[in-house]
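Residues per chain, in single letters:
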Amino acid sequence: IAPALMEDTSSLSAPQECLAFSDDNNDASIGECLNESDPLTVFAKTKSGEDFRYCNAVNCTTDDIWDLFQCDEIFENERPIHADATWRYLRKIYQEAMDPDFLSEVSADEEEPFSFETDVVIFQAPIEARHSPGKGRGLFAKEDIPAGTTLFRAPLSTHAIFPTDVSFRKYLLMIPAHLACDVMVWSYPVLLELTNSTTGVICTDLSETSFLNDAVDDDKENAKCRTDSDGICEMSYYALTNIKAGDEILAKYADFSSTELWWDVGLRSKGWDYANDDEDDRSNASEEEDEGEDEPEENDAADGKDGDGMEESDAEDDDDDEEEDDDDMKEDEDE
Ligand SMILES: C[S@@+](CC[C@H](N)C(=O)[O-])C[C@H]1O[C@@H](n2cnc3c(N)ncnc32)[C@H](O)[C@@H]1O
């Protein structure tokens, strides 16, 4: 087993300060920092086809940020197993990025409310994170683990919840590019019950449980989340079968993620290119968006995108992106 890459956390500072670029200087290029630290006013330069354009947390798509940060290239190399300092950093910046009222509302009834700087014991069984050939990083049993054993917890205190796609992109623009690429890969849509509403949100566990890979086939599933009386995943995982030392721990993503909300919450396929549904679901969703474009008002109301900062030109871009994503996915499947 190859040793995990050692991660250099010495350059992590809070928050990322240098993602602001001139929006009136067409010669500005990535790297010309304007010392603007509010990601909602940040203008980052992205390349769309041959043309550069500027975007920020409001008018970028998540795919724009994926391209801007060159995540494809970043994932060509083995990514590190993150140190505790990195997870704490990611949680701290999340706390700084979010509206304190939202954080209080989300954790109102929770036994373990947000507490981004305390150490949380995640693994309850002998588990380690390491490289998983063909899947990036993954979680593995260090010793034999009998069926029924609690494997790990994923408490709310390590979970970042983004109520809008803008808040998600704002966060991405506040952290270093390589970590933003990781966050895009780890994030998934869920339905969240708030005081007065149930809404689709983006969820990212900023802990090593984000290294859990998808079982895909039922016969590879060896871990499952415990559910409450309503069948809702409680984010505590147990061994479904006897797990042998060295086995990868795999669960079904569909158990905890509302994948049908993928497009509604503003997460696009990149960064989730492998795990997200099958091609039919993707083209159905794409058709639904196309239909919606003829009736913009109804579509906005129906899919909850009203007020999320998506502009018409972005919607067109998204359609293009989705076509590209279809191609990406086919390539992945071929591989
Ligand atoms: C929640 S992350 C899991 C951790 C990820 N492997 C990493 O290195 O950060 C989800 C991503 O892991 C990869 N992945 C998950 N399950 C996989 C599988 N069964 N086969 C290949 N890749 C998988 C996909 O890239 C997916 O977008």
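Being a predicted model, the structure only gives us computed values, none of them experimental.

**A few points about the overall build of the chain**
Phase 1: The number of helices and strands found in the chain is nine helices and 12 strands.
Phase 2: For the chain, the residues scored as buried account for 47% of the 335 residues in total.
Phase 3: A separation of at least 24 residues holds for 70% of the contacts in the chain among residues at least 6 apart in sequence.
Phase 4: When the accessible surface of the chain is split by element, carbon and sulfur atoms take 44% of a total near 16,600 Å².

**Quick word on the sheet that holds strand S5 (residues 150-153)**
Phase 1: On the basis of which strands lie adjacent, the open sheet formed by three strands has the order S5-S11-S10 and antiparallel pairing. The two strands at the open ends of the sheet, each matched to only one other strand, are S5 and strand S10 (223-227). Here the average twist between neighbouring strands, direction ignored, is 40°.

**Section: the state of the cysteines**
Formally, a disulfide is one covalent bond, and it connects the sulfur atom of one cysteine to the sulfur atom of another.
Phase 1: One pass over the structure, following the stated rule, counts two disulfides.
Phase 2: A disulfide bridge connects Cys71 with Cys181, and the sulfur atoms are separated by 2.0 Å. Here Cys71 and Cys181 share a disulfide; its torsion about the S-S bond, -80°, makes the bridge left-handed. Of this pair, Cys71 sits in helix H2 (residues 71-74) while Cys181 sits in helix H6 (residues 177-186); the two residues are 110 residues apart in sequence, bridging distant segments of the chain.
Phase 3: A relative accessible area of 0% places Cys71 in the buried class.
Phase 4: A sulfur-sulfur separation of 2.1 Å characterises the disulfide bridge that pairs Cys225 with Cys233.

**Describing the pairing of strand S7 (residues 188-193)**
Phase 1: In this structure, S7 lies alongside strand S8 (residues 198-205), joined through six bridges in antiparallel fashion. Along S8, the bridge assignment pairs Leu192 with Thr199.
Phase 2: Two successive antiparallel strands, S7 and S8, enclose a turn made up of four residues.

**Re the pattern of salt bridges**
Phase 1: By the definition in use, this model includes eight salt bridges.
Phase 2: For Lys224, the salt bridge identified is with Glu221, shortest N-O distance 3.0 Å.
Phase 3: A relative accessible area of 10% places Glu221 in the buried class.
Phase 4: Three or more residues are tied together by salt bridges with common partners; here these are Arg79, Arg137 and Asp182.

**Section: helix H3 (residues 84-97)**
Phase 1: A rise of 1.5 Å per residue sets the reference length of H3, with its 14 residues, at 20 Å; its end C-alpha atoms lie 20 Å apart and thus fit the reference within 8%.
Phase 2: Buried residues of H3: Thr86, Trp87, Tyr89, Leu90, Arg91, Ile93, Tyr94 and Ala97, and no others.
Phase 3: Those residues of H3 that are buried are in contact with helix H4 (100-107), strand S6 (159-162), helix H5 (165-172), H6 and S8.

**Considerations on the site of the ligand**
Phase 1: Taken together, 16 residues lie near the ligand, and Lys135, Arg137, Trp186, Asn213 and Asp214 sit nearest.
Phase 2: One of the side-chain nitrogen or oxygen atoms of Trp186 is found 2.9 Å away from an oxygen atom of the ligand.
Phase 3: Within the backbone of Asp214, a nitrogen or oxygen atom sits 2.9 Å from a nitrogen atom of the ligand.
Phase 4: Starting from 570 Å² of accessible surface for the ligand in isolation, the protein chains cover 87%.
Phase 5: If you list the elements that add at least two residues to the shell around the ligand, you get strand S4 (136-141), H6 and strand S9 (213-214).
Phase 6: When grouped by side-chain class, the residues that make up the shell around the ligand number eight nonpolar, five polar and three charged.

**Quick word on the side chain of Thr204**
Phase 1: Mapped onto the elements of the fold, Thr204 is located in strand S8.
Phase 2: By relative accessible area, which is 0% here, Thr204 ends up buried.
Phase 3: A polar side-chain atom of Thr204 sits 2.8 Å from a polar atom in the side chain of Ser187.
Phase 4: With near-sequence residues (within four places) excluded, Thr204 lies in contact with Thr158, His159, Ala160, Phe162, Phe168, Val183, Trp186 and Ser187.

**Some thoughts on the packing of aromatic side chains**
Phase 1: Applying the stated criterion to the full structure yields 12 aromatic pairs.
Phase 2: The interplanar angle of 75° and the centroid separation of 5.1 Å between the aromatic rings of Phe162 and Phe168 together place this pair among those described as edge-to-face.
Phase 3: Note that Arg130 overlies the ring of Phe140, its terminal NZ or CZ placed 4.0 Å from the centroid.

Basis of the calculations
- Residues numbered from 1 in each chain as written.
- Predicted model: local features only at pLDDT ≥ 70, side-chain atom pairs only at ≥ 80, totals over all residues.
- Heavy atoms only, no water.
- Helix = DSSP H or I, 4+ residues; strand = E, 2+ residues; numbered from the N terminus.
- Buried < 20%, exposed > 50% of the residue type's maximum accessible area, 1.4 Å probe, protein only.
- Contact = heavy atoms within 4.5 Å.
- Areas by Shrake-Rupley, 256 points an atom, 1.4 Å probe, with all protein chains shown as cover.
- Pairing = 2+ DSSP bridges.
- Axes fitted to C-alpha atoms, helices over the stretch in contact; angles between N-to-C directions.
- Disulfide = S-S within 2.5 Å.
- Salt bridge = Lys/Arg side-chain N within 4 Å of Asp/Glu carboxyl O.
- Expected span 1.5 Å × (residues − 1).
- Near = heavy atom within 4 Å.
- Polar contact = N/O pair within 3.5 Å; in protein donor to acceptor, adjacent residues only side chain to side chain.
- Nonpolar A, V, L, I, M, F, W, Y, C, P; charged D, E, K, R; others polar.
- Phe/Tyr/Trp six-rings, centres within 6.5 Å; stacked < 30°, edge-to-face > 60°.
- Lys NZ or Arg CZ within 6 Å of the ring centre and 35° of its normal.

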